[in-house]
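# Breakdown of the fold
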Amino acid sequence: MWAKESVFYQIYPMGFCGAPFANDGVQEHRILKVIDWIPHLEKLGVDAIYFSPLFESDTHGYDTRDYRKIDTRLGDEADFRKVVNELHSHGIRVVLDGVFNHVGRGFWAFQDVLRNRENSPYKDWFYRIDFGGNSNYNDGLWYEGWEGCYDLVKLNLRNPQVVDYLLDCVSFWVETWDIDGLRLDVAYSLDLDFIKKLRAHCNYVKQDFFLVGEVLHGDYNRIMNQDMLHSVTNYECYKGLYSSFNSMNMFEIIHSLNRQFGPEQWCLYTGKHLLSFVDNHDVSRIASVLQNEKHLPLIYALLFGMPGIPCLYYGSEWGTKADKSEGDPALRPSFEAPQWNELTEWISKLAAAKKASRALNHGAFRSVLLTNKQCIFERKCDSERVLVAINADGEEYVAHFDAGCGMAQDLITGEPHDFGGGSHLPPYSAAFWKCER
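Read on for an overview of the structure.

Procedures and definitions
Residues numbered from 1 in each chain as written. Predicted model: local features only at pLDDT ≥ 70, side-chain atom pairs only at ≥ 80, totals over all residues. Heavy atoms only, no water. Pairing = 2+ DSSP bridges. Helix = DSSP H or I, 4+ residues; strand = E, 2+ residues; numbered from the N terminus. Axes fitted to C-alpha atoms, helices over the stretch in contact; angles between N-to-C directions. Buried < 20%, exposed > 50% of the residue type's maximum accessible area, 1.4 Å probe, protein only. Contact = heavy atoms within 4.5 Å. Core = buried A, V, L, I, M, F, W, Y, C linked by side-chain atoms within 4.5 Å. Disulfide = S-S within 2.5 Å. Phe/Tyr/Trp six-rings, centres within 6.5 Å; stacked < 30°, edge-to-face > 60°. 1 Å grid on protein atoms, 1.4 Å probe; cavity = no way out; pocket = protein on both sides within 12 Å on 5 of 7 lines; lining within 4 Å. Points joined across faces, edges and corners; volume = space filled by probe spheres on them. Salt bridge = Lys/Arg side-chain N within 4 Å of Asp/Glu carboxyl O. Nonpolar A, V, L, I, M, F, W, Y, C, P; charged D, E, K, R; others polar. Parallel < 35°, antiparallel > 145°, perpendicular 65-115°, else oblique. Left-handed = near helix turned anticlockwise from the far one by under 90°.

Taken in spatial order, the six strands of this open sheet run S14-S15-S16-S21-S18-S19, and their pairing is antiparallel. Each end of this open sheet is capped by a strand with a single partner; those strands are strand S14 (364-370) and strand S19 (416-418). Neighbour-to-neighbour, the strand axes of this sheet turn through a mean angle of 30°, independent of strand direction. With six bridges joining them, S14 and strand S15 (residues 374-380) adopt antiparallel strand pairing. The residue bridging Leu369 from the neighbouring strand is Ile376, located in S15.

Here you go:
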């Protein structure tokens, strides 16, 4: 599966393109802006773009009106076809946001229910409609909204007509734009039988079609297995990544990585590739979360060195700041053009190192050295062995441990490394040492 060796890049189209929050019905060809960013993506080392919702919606994209129409604020079918073709011509794959748990109040079938009530042929398309109740919109009927939000009308995924409609939409997306995968919104809320049907359908419509689900807590194997999703979002390690630096307690993230990928028989996700990230469209930018700005390059080194598929959020690669308390628009801005600075250059080197290393993509995980402020762990496969070293302290650290080899090469800098006499880690530094056989 191509995704296992990829670097992902998330774009929230409505924000990225500067679209108005509410759908004003005015068509603008804003999605073509993505094409201008392709040189930046190539230089950064991106292999796949994950687009947050871009279908016709009421406001933010997750309140879908029409699954078969590009949002008017972004452009039209031809515009997005041009974007995908350009991305594919540069070796960048395309993953769309599959918002299947709920739709917006403007969704055509729900509008029919509001007009025709009990006589609507679509009344069973939605979960738990009560024509004797009411909603905060005073519709004269009650329905279940996602997590109590009546702007998001929950679909009935036990209805075969709904399932067939959604699967047909996936086929349409593949046939029309040749997309390469889906990220399933609130996958933790989806009907499990629906996920199985989706996986079987996607296996049929396109070879190597990638399915990743948004999951927060619990055992990810529940929906990440050979019959369901290929991957899920690694929210467990998201918290551990920034918290380990802010509390200067590297034990936290290493505990999570051991729990997920360690050498013990009880570890949960050996051989699986979770989608890993330090921020996204729903959380504060990592540059606003970290208390010490010198930890910013290090958290990205940890992201690219640990097991998983790294996913970057547009704008964070050059250190953009935004706090969740400022509201979602602050997290999802429009930039006139991409920027390039020391952090961006560093991330591009991390991406190149990861893609050049089989161990960093597929290797097992083993903790080698661990203190509150430093960690060294091994990524090992049959053909290669890499040691990932992080020093989060402002002082030099000399690591004494059995490296199992005398010399190595740093995959990030290309410089040789001699393990004799201890490994010197400069203040606030990271290294990917590829051990010589």
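Anyway, onward from the coordinates.
With that settled, consider the pairing of strand S1 (residues 8-11). Here S1 shows two buried faces, one formed by Phe8 and Gln10 and the other by Tyr9 and Ile11. Strand direction decides the pairing type here: S1 and strand S13 (residues 309-313), joined by three bridges, are parallel. Bridge pairing in S13 links Phe8 to Cys311. Looking at chain direction, S1 and strand S2 (residues 48-51) are connected through four bridges and run parallel. Within the sheet, the bridge partner assigned to Tyr9 lies in S2 and is Ile49.

With respect to the helices and strands, Leu167 occurs in helix H6 (residues 160-177). The class for Leu167 is buried, based on a relative accessible area of 11%. In this structure, the C-alpha to C-alpha distance between Leu167 and His400, residues 233 residues apart in sequence, is 56 Å. When neighbours within four sequence positions are excluded, Leu167 is seen to be in contact with Lys197, Leu198 and His201.

Take the nonpolar core next. Counting 139 residues, the largest nonpolar core has Phe8, Phe51, Phe80, Phe100, Phe126, Trp173 and Tyr300 as the members making the most contacts within it. No other element matches the 11 residues that H6 contributes to this core. Those residues in contact with Tyr300, other than ones at most four positions away along the chain, are Val278, Ile286, Leu312, Ser316, Glu317, Leu343, Ile347 and Leu350.

It is worth spelling out the state of the cysteines at this point. The full count for this structure, using the stated rule, is zero disulfides. A disulfide-free cysteine, Cys169 has its sulfur positioned 12 Å from the sulfur of Cys202, the nearest such atom. Looking at Cys267, it has no disulfide partner, and the nearest cysteine sulfur is the one in Cys237, 12 Å off.

Taken as a whole and judged by the stated rule, the model has 39 aromatic pairs. With 6.1 Å between their ring centres and 10° between their planes, Phe100 and Trp173 make a pair best called stacked. Linking Phe100 in the loop between strand S5 (93-98) and strand S6 (102-104) with Trp173 in helix H6, this pair joins segments that are 73 residues apart in sequence. Overall, the relative accessible area of 0% leaves Phe100 in the buried class. For Trp173, a relative accessible area of 0% gives the class buried.

Read from one edge of the open sheet, three strands run S6-S8-S7, paired in antiparallel fashion. The sheet terminates laterally at S6 and strand S7 (145-146), the two strands that pair on one side only. Taken together, the two bridges between S7 and strand S8 (residues 149-154) define a ladder with antiparallel strand orientation. Directly across from Gly145, in S8, lies its bridge partner Val153.

Another point: the layout of surface pockets. A volume near 340 Å³ is recorded for the largest pocket. Around the largest pocket, the lining is made up of 17 residues, and of these Trp146, Asp185, Glu214, Asp282 and Arg332 lie nearest the centre.

With that out of the way, let us pick up helix H11 (residues 296-305). Count 3.6 residues to each turn of an α-helix, and residues three or four apart come out pointing the same way. The element H11 is extensively covered by neighbouring structure, given that nine of its 10 residues are classed as buried. Burial in H11 covers these residues: Leu296, Leu298, Ile299, Tyr300, Ala301, Leu302, Leu303, Phe304 and Gly305.

Turning to the pattern of salt bridges, a few remarks are in order. The final tally for this structure, using the stated rule, is 24 salt bridges. One salt bridge connects Arg73 with Asp71, and the closest N-O pair in it is separated by 2.8 Å. Put simply, Glu118 and Arg117 hold a salt bridge, and the shortest N to O gap is 3.6 Å. Salt bridges linked by common partners bring Asp97, Arg183, Asp185 and Glu214 together as one network.

Applying the stated rule across the entire model yields two cavities of 30 Å³ or more. As a volume, the largest cavity reaches approximately 110 Å³. What lines the largest cavity is Gln10, Tyr50, Arg183, Glu214, Thr233, Tyr235, Leu275, Phe277, Asn280, His281, Asp282 and Cys311. Its residues assigned to classes, the lining of the largest cavity shows five nonpolar, four polar and three charged. Of the voids in this model, the second largest cavity is the one considered here, and its volume is about 30 Å³. In terms of lining, the second largest cavity is formed by Pro53, Phe55, Gly61, Thr64, Tyr67, Asp97, Gly98 and Val99.

Where helix H8 (residues 235-246) meets helix H9 (residues 251-261), the axes come as close as 7 Å, and the angle between the chain directions of the two elements is 155°. Taken as axis vectors, H8 and H9 run roughly antiparallel relative to one another. Of the two possible hands of crossing, H8 and H9 adopt the one that is left-handed. When H8 is examined against H9, the residues Glu236, Cys237, Lys239, Gly240, Leu241, Ser243 and Ser244 are found in contact with a partner set consisting of Glu252, Ile253, Ser256, Leu257, Arg259 and Gln260.

Attention now moves to the packing of helix H4 (residues 77-89) against H6. The contact between H4 and H6 brings their axes to 10 Å, and the two run at 65°. As far as their axial angle goes, H6 and H4 are roughly perpendicular. Mapping the contact onto sequence places Glu77, Phe80, Arg81, Val84 and His88 in H4 and Phe172, Thr176 and Trp177 in H6. Among the residues forming the contact of H4 with H6, the class breakdown is four nonpolar, two polar and two charged.

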